[in-house]
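Understanding the architecture of this molecule
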Amino acid sequence: MNPRARLACVLLALVQTACAQRADAPKAAAAPREPAASASAEGALLHWNQPAVRANCPDRPGFLWVQAVEGPSCIRYFASRDIDDARIAIVQFSGDRDSVMNLSPTRIPGNTEPLRTLDAQAASDRAGMPWIFMARPGTYGSSGDHRQRREAVEFHALDAALEALMQRHRLQRVVLFGHSGGATAGAALLTLGRTRVACAVLTSGAFDLLERARLLGRSKNGRTDTTGSAQVYDPLDHVAGIPRDPQRRIVLIGNPGDRNTPFALQQRFADAVGKAGHRVEVMTHDAEPPTFHDLKDRIGLRTASQCAREALQSQAR
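Residues numbered from 1 in each chain as written. Predicted model: local features only at pLDDT ≥ 70, side-chain atom pairs only at ≥ 80, totals over all residues. Heavy atoms only, no water.

A short note on the overall build of the protein
- A tally of helices and strands in the protein yields 7 helices and 8 strands.
- Sorting the 317 residues of the protein into buried and exposed places 54% on the buried side.
- When contacts within the protein are restricted to residue pairs at least 6 apart in sequence, long-range pairs at least 24 apart make up 76% of them.
- Of the roughly 13,400 Å² of accessible surface on the protein, 51% is carried by carbon and sulfur atoms. (Helix = DSSP H or I, 4+ residues; strand = E, 2+ residues; numbered from the N terminus. Buried < 20%, exposed > 50% of the residue type's maximum accessible area, 1.4 Å probe, protein only. Contact = heavy atoms within 4.5 Å. Areas by Shrake-Rupley, 256 points an atom, 1.4 Å probe, with all protein chains shown as cover.)

If you want it as structure tokens, here you go:
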């Protein structure tokens, strides 16, 4: 293939990716039109479920070498333009990616730094706010093991990474946004004492994790998460750790017919947060059949951007 034709193919792949990805999609399989990654001009492939190696974690934007109680981590993030000194930025955590984590990196959709950055910029353009996609441990180049998702080791690494991110780019406040397992991650960071959070938008989140596994028929004697782990960190059990902030909004959005993360358990978490004295809102929204887990209309992105704008306006007054 001549150089001009190769460049045309790369540009086409980037356009297809921008059109296909949805900010609320919990699994890569939900965006079938998105092209798989390739080790061509699109950039180096991102590796999954890898140990933390300092030599592979340079001191430059996109990489965060952090030390949590369980040990060091290299957490990857992919940001839109102009995040430095932002008064507020939206930080997104993806849903679970167990359906693709064992594939070859070349077969995982959007699995290069340029494609993930392009997706962050597209989300920023839609939201009208600086946008940062933070890769959960074991995914999209972050060190760690995605099989240990929803354990303390995952959330401690993300908490340390978010602190380092805010310091590096001098972010004043953030909006936490996550769908499904990403919503659980966002909630966990709140319970770990995360401050300077203007809003947390948690869509179709997984809460009351042992009960969820039991309801889904994927529990071992009622003692394990759907991953098979008995070492889960359930935000529902740690609501007392959420710091007081009367200005912060915590917004849960789900669908009553959700067959993946039962809405009743999302409501249970919201009730516990409200009982602890925090400002919490619960919304319902249309979702894609048959599981009614993936919400329609980019409602999570729209709510996060609205919350960010309102926080800026309140700060200006």
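So that's the structure; there's more coming.
A few points about the packing of helix 2 (residues 113-127) against helix 7 (residues 299-316)
- The geometry of helix 2 relative to helix 7 is characterised by a closest axis approach of 9 Å and an angle of 60° between their N-to-C directions. The angle between helix 2 and helix 7 places the two elements in the oblique class. The way helix 2 lies across helix 7 gives a crossing that is right-handed. Contacts between helix 2 and helix 7 involve Ala123, Arg126 and Ala127 from the former and Leu301, Ser305 and Arg309 from the latter.
- Residue composition of the contact of helix 2 with helix 7, by class: 3 nonpolar, 1 polar and 2 charged. (Axes fitted to C-alpha atoms, helices over the stretch in contact; angles between N-to-C directions. Parallel < 35°, antiparallel > 145°, perpendicular 65-115°, else oblique. Left-handed = near helix turned anticlockwise from the far one by under 90°. Nonpolar A, V, L, I, M, F, W, Y, C, P; charged D, E, K, R; others polar.)

Thoughts on the environment of methionine 101
- Residue position: methionine 101 is located in the loop between strand 3 (88-93) and helix 2.
- On the accessibility criterion, methionine 101 (11% relative accessible area) is buried.

Some words on the side chain of threonine 261
- Here threonine 261 is to be found in the loop between strand 7 (249-254) and helix 6 (263-275).
- A distance of 3.0 Å separates the side chain of threonine 261 from the backbone oxygen of serine 204, its partner in a polar contact.
- At 3.3 Å, the side chain of threonine 261 and the side chain of histidine 293 are in polar contact.
- Contact partners of threonine 261, with chain neighbours within four places excluded, come to Ser180, Ser204, Gly205, Ala206, Arg212, Gln266 and His293. (Polar contact = N/O pair within 3.5 Å; in protein donor to acceptor, adjacent residues only side chain to side chain.)

A look at the pairing of strand 6 (residues 197-203)
- Within strand 6, 7 of the 7 residues are buried, leaving the element largely enclosed by the surrounding structure.
- The pairing of strand 5 (residues 173-179) with strand 6 spans 6 bridges and is classified as parallel. Each bridged residue has a counterpart across the sheet, and for leucine 176 the counterpart in strand 6 is alanine 200.
- Remark: the strand 5/helix 4 (residues 181-191)/strand 6 crossover connection has right-handed handedness.
- Pairing between strand 6 and strand 7: 5 bridges, direction parallel. When the sheet's bridge partners are listed, threonine 203 is paired in strand 7 with isoleucine 253.
- Running through helix 5 (residues 209-215), the crossover from strand 6 to the neighbouring parallel element strand 7 is right-handed. (Pairing = 2+ DSSP bridges. Right-handed = clockwise from strand over helix to strand, strands pointing away.)

So, the nonpolar core
- With 42 residues, the main nonpolar core has Val91, Ile132, Met134, Leu165, Leu176, Leu202 and Phe269 as its most contacted residues.
- With near-sequence residues (within four places) excluded, leucine 176 lies in contact with Val91, Phe93, Leu162, Gly186, Leu189, Leu190, Val197, Cys199, Ala200 and Val201.
- Among the nonpolar cores identified, the runner-up in size contains 23 residues, and Ala198, Cys199, Leu295 and Leu312 belong to it. (Core = buried A, V, L, I, M, F, W, Y, C linked by side-chain atoms within 4.5 Å.)

A look at helix 3 (residues 152-169)
- Between the first and last C-alpha of helix 3 there are 26 Å, a value that for 18 residues agrees with the 26 Å anticipated at 1.5 Å per step.
- Looking one or two residues past helix 3, arginine 170 carries a phi angle of roughly 55°, positive in sign. (Expected span 1.5 Å × (residues − 1).)

Topic: the pairing of strand 3
- The element strand 3 is largely enclosed, with a buried count of 6 among its 6 residues.
- Burial along strand 3 is two-sided: the residues Ile88, Ile90 and Gln92 and Ala89, Val91 and Phe93 are all buried.
- Both strand 3 and strand 5 contribute to a ladder of 6 bridges, which runs parallel. Looking at the pairing, isoleucine 90 lines up with valine 175 of strand 5.

Focus on the layout of surface pockets
- Counted as a void, the largest pocket has a volume near 370 Å³.
- In terms of lining residues, the largest pocket is bounded by 18 residues, among which His47, Asn56, Phe63, Arg76 and Gly141 are the most central.
- A per-class count over the lining of the largest pocket returns 9 nonpolar, 6 polar and 3 charged. (1 Å grid on protein atoms, 1.4 Å probe; cavity = no way out; pocket = protein on both sides within 12 Å on 5 of 7 lines; lining within 4 Å. Points joined across faces, edges and corners; volume = space filled by probe spheres on them.)

Regarding the state of the cysteines
- For the coordinates displayed, the defined rule picks out 2 disulfides.
- Each sulfur of the disulfide joining cysteine 57 and cysteine 74 lies 2.2 Å from the other. Classification of the bridge connecting cysteine 57 and cysteine 74 rests on its S-S torsion, roughly 85°, and on that basis the disulfide is right-handed. Here the residue cysteine 57 occupies a position in the loop between helix 1 (3-20) and strand 1 (63-68), and cysteine 74 occupies one in strand 2 (residues 71-79), the gap between them amounting to 17 residues.
- The residue that forms a disulfide with cysteine 199 is cysteine 307, at a sulfur-sulfur distance of 2.3 Å. Judged by the sign of its S-S torsion, about 115°, the cystine formed by cysteine 199 and cysteine 307 is right-handed. Pair noted here: cysteine 199 is in strand 6 and cysteine 307 is in helix 7, with a separation of 108 residues, a long-range link.
- Among the residues examined, cysteine 199 registers a relative accessible area of 0% and is labelled buried.
- When its relative accessible area of 3% is taken as the criterion, cysteine 307 is described as buried.
- Here the bonded cysteines of the protein are numbered in sequence order, and their pairing is 1-2, 3-4. (Disulfide = S-S within 2.5 Å.)

Keep in mind that these numbers describe shape and distance, not what the molecule does.
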